[in-house]
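Topology and contacts: notes
Listed here are the chains, written in short residue letters.
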Amino acid sequence: MEKKRKGFIVAVDGYSSTGKSTVSKLLAARLGFTYIDTGAMYRVVTLKALREGVIHDGVVDEERLGSLLPALKIGFLYNEGKKRYESYLDGELVEDMIRGMEVSDKVSLIAALPVVRKVLVEKQREMAKEGAVIMDGRDIGSVVFPDADVKFFLTASSEVRAERRYRELLAKGETVTFDEVRANVEKRDYIDEHRAVSPLRKVPDAVEIDNGNLTIDEEVREMAAIIMRKYESRD
Ligand code: DC
């Protein structure tokens, strides 16, 4: 069993707000795998960049940001009371801050920088060395783990995704309009697909799941069955 688990990797890539993290967390809990949210890592770096004032008029001072990255500590801890994983920046709990519009608005800009991707991809490979993991992101099956045991690519229309995100933000008490949220989702799609380094794309060996018409339960069951088939057939 232990041998089977070690280094077993499930990659979950796809557009923003396709519910990657929701299904990945549920799958991890159901299968006893470790969940790693790589989007949160890009968000933590973005928060740091905003705090350090390295973004000016949509342009990032890459050299300064690059010099801050080696010492930056990104952590995740599971909060039993809130039943969620929470992100930490240099030991400070920043989970709510990294999900707000300010960070969401700038994160694609930061995630497009080679200096940032290099450091975070190294961290991600390091984090997946031990047990079985489910990692969600944009480039997990294409760049971070091209040999992942199972790869998924999640899609849904931008309308459906904006609606989900809008409800999430309203529930958190943010004052946004649906049109602003949809514009943010579409802008992020464009930047994620067109950036020079590790653009978002479906790799040929990924299983595409369009979840616009699936309940979460149906989606999790379908994905868990695919993972378990692969897991059971592993030496
Ligand atoms: O999944 P998310 O919305 O939290 O991701 C935030 C941003 O980070 C998104 O614009 C794409 C980027 N990202 C990335 O480029 N590579 C990853 N592996 C994960 C996220």
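A short tour of the structure in this document, coming up. These figures come from a predicted structure and were not determined experimentally. (Residues numbered from 1 in each chain as written. Predicted model: local features only at pLDDT ≥ 70, side-chain atom pairs only at ≥ 80, totals over all residues. Heavy atoms only, no water.)

**Focus on the site of the ligand**
Near the ligand there are 15 residues, and of these Arg43, Ser108, Arg117, Asp139 and Arg195 occur at the shortest range. Between the ligand and Asp192, the relevant distance is 3.5 Å, taken from an oxygen atom to a side-chain nitrogen or oxygen of the residue. The protein chains hide 94% of the 450 Å² of surface that the ligand would expose on its own. Going through the elements one at a time, α3 (38–51), α6 (101–111) and α10 (178–194) are the ones with two or more residues in the shell around the ligand. Counting residues per element, the shell around the ligand draws most heavily on α3, at four residues. (Near = heavy atom within 4 Å. Polar contact = N/O pair within 3.5 Å; in protein donor to acceptor, adjacent residues only side chain to side chain. Areas by Shrake-Rupley, 256 points an atom, 1.4 Å probe, with all protein chains shown as cover. Helix = DSSP H or I, 4+ residues; strand = E, 2+ residues; numbered from the N terminus.)

**A word on the side chain of Glu86**
Looking at the element boundaries, Glu86 is found in strand β6 (residues 84–89). Engagement of the side chain of Glu86 in a polar contact is seen with the side chain of Arg84, the distance being 2.8 Å. Not counting residues within four places of it along the chain, the set of residues in contact with Glu86 comprises Gly75, Phe76, Leu77, Asn79, Leu93 and Glu95. (Contact = heavy atoms within 4.5 Å.)

**Re the pairing of strand β8 (residues 133–137)**
In terms of burial, β8 is a largely internal element, five of the five residues being buried. Covered by surrounding structure in β8 are Val133, Met135 and Gly137 together with Ile134 and Asp136, the residues of both alternating faces. Bridge count between strand β1 (residues 9–14) and β8: five bridges; the pairing is parallel. Bridge pairing in β8 links Ala11 to Met135. Where strand β2 (residues 34–37) lies against β8, four bridges are found, and the strand directions are parallel. Paired with Thr34 across the strands is Val133, a residue of β8. (Buried < 20%, exposed > 50% of the residue type's maximum accessible area, 1.4 Å probe, protein only. Pairing = 2+ DSSP bridges.)

**Points about the pattern of salt bridges**
Under the counting rule described, the total for this entry stands at 23 salt bridges. Glu92 is the salt-bridge partner of Arg51, the closest N and O atoms lying 2.9 Å from each other. Placement of the pair is Arg51 in helix α3 and Glu92 in strand β7 (residues 92–93), with a sequence separation of 41 residues. Residue Glu92 is classed as partly exposed on the basis of its relative accessible area of 34%. Across the salt bridge formed by Lys151 and Asp205, the nearest N and O atoms sit 3.1 Å from each other. Linking Lys151 in strand β9 (residues 150–155) with Asp205 in the loop between α10 and β10 (207–210), this pair joins segments that are 54 residues apart in sequence. Taken together, the shared-partner salt bridges in this structure form one network comprising Lys48, Glu52, Arg64 and Asp90. (Salt bridge = Lys/Arg side-chain N within 4 Å of Asp/Glu carboxyl O.)

**Some words on the nonpolar core**
Looking at soluble globular proteins, one finds that nonpolar side chains tend to be buried together. Counting 35 residues, the largest nonpolar core has Val45, Leu65, Ile110, Val116 and Phe145 as its most contacted members. By residue number, the principal contributor to this core is α3, which donates seven residues. Once residues within four sequence positions are removed from consideration, Val116 is found in contact with Tyr42, Val45, Leu65, Leu69 and Ile110. (Core = buried A, V, L, I, M, F, W, Y, C linked by side-chain atoms within 4.5 Å.)

Interpretation in functional terms is not warranted from these geometric data alone.
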